[in-house]
Amino acid sequence: SGDCENTPDDSYCDDGNECTAEFCSAEYDCSYSNLADWTVCESRAGKACFAGICEETKENDTCETYVELTPGVQYSGTLGGFHSYLDASACLPGAADAVSGPDAFFGFAYETGYAYSISAAPAGNMDVALVLWTDCGAEAECLAARNAVPGGGTETMEALVFDGDGTLIVQLMDITSQKTREAKE
């Protein structure tokens, strides 16, 4: 407040939070705004800013840091502590609003001549969506999405057959909190 009355110097307004930007003006004193989600915390490796708080990121919290899946091997985990990274609205027809929520990313290598199946069995009443992407880049295309089973049910993509060999990205998204928000509106 009084520190920046005569000299508009943002350093006088430093609140010690690396996830906020400080602004000092002679007219309005100090003000603060949260940095964009996914801004890397400067002083802490493996952490990023979310709503003005520096939080830990998980191994496969972003598309680029996906965990490789092995066909026939079950992966077990939780979406607790994960953050919303990629909006999948364009992949789920009929979605009125943005389709996003805490998500985790997995990659799997596919080969010609095989049919693949991907399933996600959530715990409790969690509602999940599965989204299949070509890659993680700006030009990534959504190949398929599945959110047909109400909360607590297993989502499955079956008979996935591909031309050639390659790697695809699977996004597993918890949309439970989104549906709770929609019901309240």
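Residues numbered from 1 in each chain as written. Predicted model: local features only at pLDDT ≥ 70, side-chain atom pairs only at ≥ 80, totals over all residues. Heavy atoms only, no water.

## Things to note about the overall build of the chain
- Of the regular secondary structure elements, the chain holds 1 helix and 11 strands.
- Its helices and strands taken in sequence order, the chain reads β-β-β-β-β-β-β-β-β-β-β-α from the N to the C terminus.
- The burial tally for the chain puts 32% of its 185 residues in the buried class.
- A separation threshold of at least 6 residues defines the contact pool for the chain, and within that pool the share at least 24 residues apart is 56%. (Helix = DSSP H or I, 4+ residues; strand = E, 2+ residues; numbered from the N terminus. Buried < 20%, exposed > 50% of the residue type's maximum accessible area, 1.4 Å probe, protein only. Contact = heavy atoms within 4.5 Å.)

## Considering the nonpolar core
- Core analysis: the biggest nonpolar cluster contains 19 residues, and F108, L132 and F162 have the highest contact counts within it.
- Of all elements in the fold, only β6 (103–110), β7 (115–120), β8 (128–133), β10 (155–161) and β11 (166–174) reach the threshold of two or more residues within this core.
- Ranked by the residues each element gives to this core, the list is headed by β6, at 4 residues.
- Those residues in contact with L132 that sit more than four places away from it in its chain are F108, I118, E141, C142, L143, A144, M157, L160, F162, L168, I169 and V170.
- With 12 residues, the next largest nonpolar core counts C63, L92, V131 and M173 among its residues. (Core = buried A, V, L, I, M, F, W, Y, C linked by side-chain atoms within 4.5 Å.)

## Quick word on the confidence of the model for the chain
- This prediction gives the chain a mean pLDDT of 83; 84% of its residues lie at or above 70.
- Across the chain, the element-wise mean pLDDT spans from 50 in helix α1 (residues 176–184) up to 94 in strand β3 (residues 47–50).
- Contacts from residues 179–185, a stretch scored under 50 in pLDDT, to residues over four places away or in other chains number 3 contacts. (pLDDT = per-residue confidence, 0-100.)

## Examining the pattern of salt bridges
- Applying the stated criterion across every chain, the model contains 1 salt bridge.
- With a shortest N-O distance of 3.7 Å, R146 and E155 are connected by a salt bridge.
- Among the residues examined, E155 registers a relative accessible area of 0% and is labelled buried. (Salt bridge = Lys/Arg side-chain N within 4 Å of Asp/Glu carboxyl O.)

## Section: the state of the cysteines
- On inspection of all chains with the given rule, the structure shows 5 disulfides.
- Each sulfur in the disulfide pair C41 and C54 lies 2.0 Å from the other. Taking the sign of the S-S torsion, 135° for the link of C41 and C54, the bridge is right-handed. Here C54 lies in strand β4 (residues 53–56) and C41 lies in the loop between β2 (29–34) and β3, a separation of 13 residues in the sequence.
- Look at C41 and you get buried, because its relative accessible area is 2%.
- The disulfide partner of C91 is C142, and the gap between their sulfur atoms is 2.2 Å. Of the two residues, C91 sits in the loop between β5 (67–69) and β6 while C142 sits in strand β9 (residues 142–146), which places them 51 residues apart along the sequence.
- Judged by relative accessible area, which is 27%, C142 ranks as partly exposed.
- Here the bonded cysteines of the chain are numbered in sequence order, and their pairing is 1-3, 2-5, 4-6, 7-9, 8-10. (Disulfide = S-S within 2.5 Å.)

## Thoughts on the packing of aromatic side chains
- Here the structure, examined in full by the defined rule, presents 10 aromatic pairs.
- For the pair F108 and F162, a centre-to-centre distance of 6.3 Å together with 55° between the ring planes defines the contact as tilted. Taken together, the positions of F108 in strand β6 and F162 in the loop between β10 and β11 put the pair 54 residues apart, joining distant regions of the chain. (Phe/Tyr/Trp six-rings, centres within 6.5 Å; stacked < 30°, edge-to-face > 60°.)

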